[in-house]
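Per-entry structural report
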Amino acid sequence: MMRPSRFTIVILVIAIGVALASVDLFRLEKQTLVLYATPALRDLLEGFVVPHFRADFSVDITIVYVSAGEQYNRLRISGAHPEADVFLHASPLFLEKGFAGGYFLPFTVGVDATIPATFKSENVTGGHVWYAFTWSPLVEVYHPALGGPPDLASINMTFGFPHPLLSNNGIYAVLFYENVSAAAGLRALAHTVVQPANARANILGVAEGDFAVTLGYEGVTLFYAKQGARVTFGLPILGGQDYVTPVIFSAGLVKGHPNPLASDFIDFLFRDTVQANLSRYYFRSVLPNSTAPAGGIPLPAPGAMTIDYNWSNWSALEKALPKYVIGG
Amino acid sequence: MVKWPFSRTTLERTVWTILVWLLFGVFVLGPLLTVVAFSFTSSVLSGTGTFTLTWYGQLFTQPGLYGPLIRTFEVAIIVVAFQLFFGTLVAYSTVRKRVFAASALDTLSNITIAVPSVVVGLSLLAFYGPFGPFAAFTDFLFGNPVSLTWTLWILVFAHMLETFPYMVRSVGAVLLKLDEHLESAARSLGARRLHVFLTITLPQLKPGLVAGSVLVLSRSIAEFGATIIVVSAVLKTAPIAIFTQAEAGSLELASAYSVVLMVVSFVAYVVMSRWLLRGELVT
């Protein structure tokens, strides 16, 4: 019998290798659920949500943590072949904007009736553009040595104004100032040297002494404070008035999403098991009668003014953002 | 007069040896060995690191970490197989002048060596993206624009473009030395062109194919510039993972990835050159 040559064996090995590699790569590409998420949600997602969803649905999940602006741009250059299935963001601005641009699908979650109106978009044909699945109040974060939150109307120390075009944290900071006092916003910007690009970098900026005060998320601040970071926080105070601004972490369904489990994942976020465990990760439930996380600010706070935004008016909200970019 | 105990040649050789090895050590071996050392260090940034195998343990047990390594080798083998066909075809066509403007094609086949790889990535994104000619063409043909952004296809194309010149050059160099009379003789005896190619030309191309494959494999495993522009999160390769880990401050894990890539590339080189060629290595 003729013995196959070394060359033939190599060709066969390569052919088998190519076949196996192709099958695996295509399987991975088709079956993986891709989430675009804010880094602020990292521990909640990786510590609880994703392992439990994976156990229930036996699906590979890849989470991409980059800033909201970068993710939106990544989606825009995808055309009809998006990489992501689900967006999980700290504000609905990019979801509303993306919906207007034709990048997101309307949907309805199973527990729609129990979710308060402030935690979901206005009705559109086919359901809603987004639903908030958790929230956290916007807080004034400062170095403990300051004793208490400095009044933002007369702040005279280094400030960390988060980048408004890259991060949702920056969007909330701009909207807060634009709604309460644009002059105070410009004052804060004048005291800003470093502009953090996401909510985590923002809190770490205070912890590491890059700046003395910032506006951040309670959940992220608590996360670092529990790890020993030297930061403390309170409701933002401006002109002697406390303000409550809910930072709403919202889910959006990408149009043309490749994975059919995308809707199931969003529904999963509203399951009692997930909502009941949010406070373990320093976030708050969107379902009625939720409790504050340990160490969180008890709400409602007496005398505090609550600010909610009409996110469907995203283009007007967005207009103010560029002027809060240093050197922009 | 006291006679110098060493000849001038020996002294010169010694000085040259020290100088060259010193430079080689500082610029080539030093950085690579430092990466190896970091991969076995518990904490580089603390400055008080101890010996550990933790990073390799994590790398080989956590799917999120070893996944990019597997992706890298899967893509590399697809690219090698493609280049064995396509690179050989172009090399044969240009060296044997089987196409019009063969010299121009030969020169252009080097273009991706000259162009920065990140430009190659951007070009692919532009060409195969939703606003590029490929989408317009498919829209014209099928009434549906097809975009390859974030797909496996565009990733493989990026690696193919980046590695293509290495196979063409390796095979082309061997082809230039081949005696065409053997092929002419076979054809004059009635052998068909394909038969001649498969039985006479191809076996003689083995050194070029092997050398080209090693280069393509190594280059694909190491590809970063074009990949970072076109790769999707799901298909992230090891060089992208190294970048991500290094950026996140995990130099140890990034180093462990790097060592695995270095070892695999080196083993591939040794196996393919020694075992397959048995002394026929192209120099």
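1. Topic: the overall build of chain B
The helix and strand tally for chain B stands at 14 helices and zero strands. Reading the secondary structure of chain B in the N-to-C direction produces α-α-α-α-α-α-α-α-α-α-α-α-α-α. Seen through its C-alpha atoms, chain B measures out along the principal axes to roughly 70 × 70 × 30 Å. Out of the 283 residues in chain B, the part that is buried amounts to 35%. Of the contacts formed within chain B by residues at least 6 apart in sequence, a portion of 70% connects residues at least 24 apart.

2. A few points about the overall build of chain A
Counting secondary structure elements, chain A contains eleven helices and 15 strands. By its C-alpha atoms, chain A is 95 × 45 × 35 Å across when sized along the principal axes. If you take every contact in chain A between residues at least 6 apart in sequence, the share linking residues at least 24 apart comes to 77%.

3. Digging into the packing of helix H1 (residues 6–31) of chain A against helix H3 (residues 63–95) of chain B
Viewed as axis vectors pointing N to C, H1(A) and H3(B) meet at an angle of 130°, and their least axial separation amounts to 9 Å. With respect to their mutual orientation, H1(A) and H3(B) come out oblique. For the crossing formed where H1(A) meets H3(B), the hand is left-handed. From H1(A), Ile14(A), Gly17(A), Val18(A), Ala21(A), Ser22(A), Asp24(A) and Leu25(A) reach across to H3(B), where they touch Glu74(B), Ile77(B), Ile78(B), Val80(B) and Ala81(B). When the residues that make up the contact of H1(A) with H3(B) are grouped by side-chain class, the tally is eight nonpolar, two polar and two charged.

4. A closer look at the nonpolar core
Counting 150 residues, the largest nonpolar core has Leu35(A), Val86(A) and Tyr257(B) as its most contacted members. No other element matches the 14 residues that helix H8 (residues 152–177) of chain B contributes to this core. Not counting chain neighbours up to four residues away, the residues in contact with Leu35(A) comprise Ile61(A), Ile63(A), Val64(A), Ala84(A), Asp85(A), Val86(A) and Leu88(A).

5. Some thoughts on unusual backbone geometry
Residue and element names in this part refer to chain A. With an omega of 0°, the peptide bond running from Leu 299 to Pro 300 counts as cis. For Pro 300, the location among the structural elements is in the loop between strand E14 (284–285) and strand E15 (305–306). With a phi angle near 50°, Ser 58 is a residue other than glycine that sits in the positive phi range. Although it is not a glycine, Tyr 282 sits at a positive phi angle of roughly 75°. Residue placement: Tyr 282 occurs in the loop between helix H10 (272–277) and E14. Accessibility expressed as a C-beta count within 10 Å gives 26 for Tyr 282, which makes it buried.

6. Quick look at helix H11 (residues 206–222) of chain B
Given 3.6 residues to a turn, an α-helix orients residues that are three or four positions apart in the same direction. Taking 1.5 Å per residue as the helical rise, H11(B) with its 17 residues ought to reach 24 Å, and the 24 Å between its terminal C-alpha atoms agrees with that figure. Of all 17 residues that make up H11(B), 14 are buried, and the element is covered over most of its length.

7. Thoughts on the pairing of strand E2 (residues 61–65) of chain A
All names here are of chain A. Of all five residues making up E2, four are buried, and the element is well covered by its neighbours. Sheet topology note: the strand E1 (residues 33–37)/E2 ladder contains five bridges and is parallel. Along E2, the bridge assignment pairs Val 34 with Thr 62. Once you follow E1 into helix H2 (residues 42–57) and on to E2, the crossover reads as right-handed.

8. Looking at the environment of Val213(A)
Residues and elements named next belong to chain A. Within the secondary structure, Val 213 sits in strand E9 (residues 213–217). Classification of Val 213 by C-beta neighbours within 10 Å gives buried; the count is 23. Distance from Val 213 to Ala 15, taken between C-alpha atoms, is 60 Å for residues 198 residues apart in sequence. Leave out the neighbours within four places in its chain, and Val 213 touches Glu 140, Val 141, Tyr 142, Pro 150, Ile 155, Met 157 and Phe 159.

9. Considerations on the confidence of the model for chain B
Residues and elements named next belong to chain B. Taken residue by residue, chain B gives an average pLDDT of 89. The fraction at 70 or more is 94%. Within chain B, no element has a lower average pLDDT than helix H14 (residues 251–277), which sits at 84, and none a higher one than helix H6 (residues 117–128), at 95. The ipTM assigned to the predicted complex is 0.78, against a pTM of 0.81.

10. Structural notes on the interface of chain A and chain B
Taken together, the contacts link 23 residues of chain A with 20 residues of chain B. If you tally residues by element for the side of chain A that touches chain B, the top one is H1(A), at 13 residues.

11. Section: helix H3 (residues 68–76) of chain A
Residues of H3(A) that are buried: Ala68(A), Gly69(A), Gln71(A) and Leu75(A). An end-on view of H3(A) places all buried positions within 165° of arc, on one side of the element.

12. Side note on the domain arrangement of chain A
Residue and element names in this part refer to chain A. In terms of domain boundaries, chain A breaks down into domain 1 (9–133 + 247–285) and domain 2 (136–246 + 301–324). Taking only C-alpha atoms into account, the centre of domain 1 sits 27 Å from that of domain 2. Every element with two or more residues in the side of domain 1 that touches domain 2 is listed here: H3, helix H4 (93–100) and strand E13 (246–254).

13. Brief notes about the confidence of the model for chain A
Close inspection of predicted coordinates is inappropriate in any region flagged by low pLDDT. Per-residue confidence for chain A gives a mean pLDDT of 89, with 98% of residues at or over 70. Confidence, expressed as mean pLDDT per element, reaches its minimum in chain A at H3(A) with 83 and its maximum at helix H9 (residues 262–269) of chain A with 96.

14. Remarks on the sheet that holds strand E12 (residues 241–244) of chain A
Residue and element names in this part refer to chain A. Read across the open sheet, the three strands follow the order E11-E12-E15; overall the sheet is mixed. Because the sheet does not close on itself, it has two edges, and the strands there are strand E11 (237–238) and E15. Judged from the two bridges that link them, E11 and E12 form a sheet pairing that is antiparallel. Note that in E12 the partner of Leu 238 across the bridge is Gln 241.

15. Focus on the environment of Phe85(B)
Residue and element names in this part refer to chain B. Mapped onto the elements, Phe 85 comes out in helix H3. Here Phe 85 falls in the exposed class, since 10 other C-beta atoms lie within 10 Å of it. Along the chain, Phe 85 and Ser 117 lie 32 residues apart, while their C-alpha atoms are 23 Å from each other.

16. Structural notes on the pairing of E1(A)
Residues and elements named next belong to chain A. When you tally the buried positions in E1, you get five out of five residues, the bulk of the element. Neither face of E1 is open: one carries Leu 33, Leu 35 and Ala 37, the other Val 34 and Tyr 36, and all of them are buried. Summarising the sheet, E1 and strand E3 (residues 86–89) pair through three bridges and their orientation is parallel. Bridge pairing in E3 links Leu 35 to Val 86.

Rules used in this analysis
Residues numbered from 1 in each chain as written. Chains lettered and ligands numbered in written order. Predicted model: local features only at pLDDT ≥ 70, side-chain atom pairs only at ≥ 80, totals over all residues. Helix = DSSP H or I, 4+ residues; strand = E, 2+ residues; numbered from the N terminus. Buried ≥ 20, exposed ≤ 12 C-beta atoms within 10 Å, placed from the backbone. Contact = placed C-beta atoms within 7 Å. Axes fitted to C-alpha atoms, helices over the stretch in contact; angles between N-to-C directions. Parallel < 35°, antiparallel > 145°, perpendicular 65-115°, else oblique. Left-handed = near helix turned anticlockwise from the far one by under 90°. Nonpolar A, V, L, I, M, F, W, Y, C, P; charged D, E, K, R; others polar. Core = buried A, V, L, I, M, F, W, Y, C linked by C-beta atoms within 7 Å. Expected span 1.5 Å × (residues − 1). Pairing = 2+ DSSP bridges. Right-handed = clockwise from strand over helix to strand, strands pointing away. pLDDT = per-residue confidence, 0-100. Arc of directions from axis to C-beta. Domains from an automatic or database assignment.

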